[in-house]
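In case you want the letters, here they are:
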Amino acid sequence: MGATAKILKASLCLPGLIALAVSVSAQSPRTHRLEATPETVAYGYYWSEATPALRIASGDVVDVDTLLTNSPTGLRRGGVPEEKIQASLKAVETALPQGNPKRGPGGHILTGPIFVEGAAPGDALQVDVLSIDLPIDYGYNGCAGFVRENCNRSLPSRIIPIDAKAMTSPFAPGIVVPLHPFFGSMGVAPAPEIGRVSSTPPGKHAGNLDNRELVAGTTLCIPVFVPGALFEIGDGHAAQGDGEVDQTAIETSLRGRIKLTVRKDLKLTWPRAETPTHYISMAADLDLKVATQTAIQEMIDFVAAKTGLTMHEAYQLTSIAGDVVITQLVDQTMGVHVKMPKNIFK
């Protein structure tokens, strides 16, 4: 077998896939339902000491609700009728108002944490996004972010209709946006010594990646830092451009089915992902240059390890065939990801 053929058997997140599938199927995976309630959300943080909202076995599936990152007051101001504001959002905001010590320091309503049995520091958590549904027929977009001098700060958030059947959103007369829903935030608890971290900046624990590639049918792998991993999910986006330059996408509530599997055989420093067409490395930093260098190095390391190419050759291939993309510019730390097409590996 040629060196590059190895990549077909051992993909970026899924080495040892055949052995893994056998072990998981023997455990008869269960499907758990996890609704978003005041008792099952972590409002604005990832934390090693957070109380689990659900405990599952490795390989189980979770049917999970997530809530948009806005308040009933903000939605009313934008023109959303009272009957269209979700009762679950009202309940969370009533139970966890501004100033509540159980809230913050970030602004995202995250469902979880989910404790995955067997996960330990040094492992990886494989997150398979099986499906994503749009439970409400609207989203919103604010205006701030990277070039905020363009914003009219007197305007409320823009409420944007969502047509789940056509999978489009009309933005303005003659302008229709195709929908590609994904969870902006999927992550695990950071190391205990870091404490309770804001839900806003992404990091090695993943979190608020805002990576528009992570739609249904994709896989995210995250390094684990605490027992049980303590996975959280939220920040639903119906559509978003790379960079997310005004700080928001079409922000909306989502319902999804995710499969969480402990990976003892996978050692990661940063999150990685895989789509049907690409391998993706990711990194974040306060300095965009550092984030870019790290994401590129992560892809070089992956290509070299999985193909047998030298680092010199893997770097050349990343330049020839890879795409370096600014994931987001607006979450305190800046995110970069590198996409490597699968179809070049014959």
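Residues numbered from 1 in each chain as written. Predicted model: local features only at pLDDT ≥ 70, side-chain atom pairs only at ≥ 80, totals over all residues. Heavy atoms only, no water.

**Notes on the overall build of the protein chain**
Put simply, the rule is: For the purposes of this entry, the term helix denotes a DSSP run of H or I that reaches at least four residues, the term strand denotes a run of E that reaches at least two, and both are numbered from the N terminus. Using a 1.4 Å probe on the protein chains alone, a residue whose accessible area is under 20% of its type maximum counts as buried, one over 50% counts as exposed, and one in between counts as partly exposed. Any two residues having at least one pair of non-hydrogen atoms within 4.5 Å are treated as being in contact.
Looking only at helices and strands, the protein chain features six helices and 21 strands. In terms of overall dimensions, the protein chain has C-alpha extents of about 60 × 45 × 40 Å along its principal axes. Looking at the 346 residues of the protein chain, the share that counts as buried comes to 56%. Nonlocal contacts in the protein chain, meaning residues at least 24 apart in sequence, comprise 77% of its contacts between residues at least 6 apart.

**Notes on the packing of helix α5 (residues 288–307) against helix α6 (residues 311–321)**
Using the following cut-off: Interaxial angles span 0 to 180 degrees and are taken between N-to-C directions of axes, which are lines fitted to C-alpha atoms, for helices over the stretch in contact. For classification, angles of less than 35 degrees are called roughly parallel, those exceeding 145 degrees roughly antiparallel, those between 65 and 115 degrees roughly perpendicular, and all remaining angles oblique. Less than a right angle of anticlockwise turn of the near helix away from the far helix marks a crossing as left-handed, whereas a clockwise turn marks it as right-handed.
Following both chains from N to C, one finds α5 and α6 inclined at 120°, their axes separated by 8 Å at the closest point. If you check the angle between α5 and α6, you find them oblique. As for the relative orientation of α5 and α6, their crossing is right-handed in sense. The residues of α6 that touch α5, namely those facing I296, Q297, M299, I300, D301, V303 and A304, are M311, A314, Y315, L317 and T318.

**As for a nonpolar patch on the surface**
What counts is decided by this rule: For patch building, the residue pool is restricted to those with more than 30% relative accessible area and no salt bridge; the joining distance is 9 Å between like charges and 5 Å between nonpolar side chains (Val, Leu, Ile, Met, Phe, Trp, Tyr). Per-residue and other accessible areas follow the Shrake-Rupley method at a 1.4 Å probe size, with only the shown protein chains counted as cover for residues. When a carboxyl oxygen of Asp or Glu lies within 4 Å of a side-chain nitrogen of Lys or Arg, that pair is called a salt bridge.
Together, F146, V147 and V245 line one region of the surface with nonpolar side chains, adding up to about 260 Å² of accessible area. With respect to the helices and strands, the residue V245 is situated in the loop between β16 (231–237) and β17 (254–263). Classification of V245 by relative accessible area gives partly exposed; the value is 47%.

**Focus: the nonpolar core**
We apply this condition: Remark: nonpolar core denotes a set of buried residues (Ala, Val, Leu, Ile, Met, Phe, Trp, Tyr, Cys) joined through side-chain atoms within 4.5 Å.
Counting residues in each nonpolar core, the largest one holds 38 residues, and the members touching the most others are I114, L125, V127, M186, L220, F231 and L260. Sequence-distant contacts of M186, defined by excluding residues within four places in its chain, comprise Y46, V127, V129, H205, A206, G207, L214, L220, I222, F231, E232 and I233. Judged by nonpolar contacts, the second largest core, of 17 residues, contains A284, M299, F302 and M340.

**A short note on the pattern of salt bridges**
For the structure on display, the rule yields 14 salt bridges. The partner of D137 in a salt bridge is K84, with the nearest N and O atoms 2.9 Å apart. Highlighted residues: D137 in the loop between β7 (124–133) and β8 (138–141) and K84 in the loop between α3 (72–78) and α4 (87–95), separated in sequence by 53 residues. Using a relative accessible area of 36% as the deciding quantity, one classes D137 as partly exposed.

**What about the confidence of the model for the protein chain?**
Any region with low pLDDT has predicted coordinates that should not be read closely. Rules: Each residue gets a pLDDT score, which is the predictor's confidence in that residue and runs from 0 to 100.
Scored by pLDDT, the protein chain has a mean of 93; 92% of the residues are at 70 or more. The model gives residues 1–10 a pLDDT under 50, and that stretch makes 18 contacts with residues more than four places away or in other chains. Confidence drops under a pLDDT of 50 for residues 15–25, and excluding neighbours within four residues, the segment shows 13 contacts in the predicted structure.

**Quick notes on the sheet that holds strand β20 (residues 323–331)**
The cut-off we apply is this: Only when DSSP finds a minimum of two bridges between them are two strands counted as paired.
Spatial ordering of the open sheet is given by β1-β5-β17-β7-β15-β18-β19-β21-β20, a layout of nine strands whose pairing is mixed. Here the strands that pair on one side only, and so sit at the sheet edges, are β1 (31–34) and β20. Shown here is a sheet whose adjacent strand axes are inclined to one another by a mean of 25°, direction ignored. Bridge count between β1 and strand β5 (residues 61–66): four bridges; the pairing is parallel. Counted as the bridge partner of H32 is V62 from β5. Strands β20 and β21 (333–341) of the sheet are contacted by α6, whose axis makes an angle of about 90° with β21.

**Let's talk about the state of the cysteines**
The line we're drawing: Two cysteine sulfurs form a disulfide in these notes if their separation is within 2.5 Å.
Applying the stated rule across the entire model yields one disulfide. Bridging C143 to C151, the disulfide has an S-S length of 2.1 Å. Its torsion about the S-S bond being -85°, the disulfide of C143 and C151 is classed as left-handed. A relative accessible area of 36% means that C143 is categorised as partly exposed. Judged by its relative accessible area of 13%, C151 is buried.

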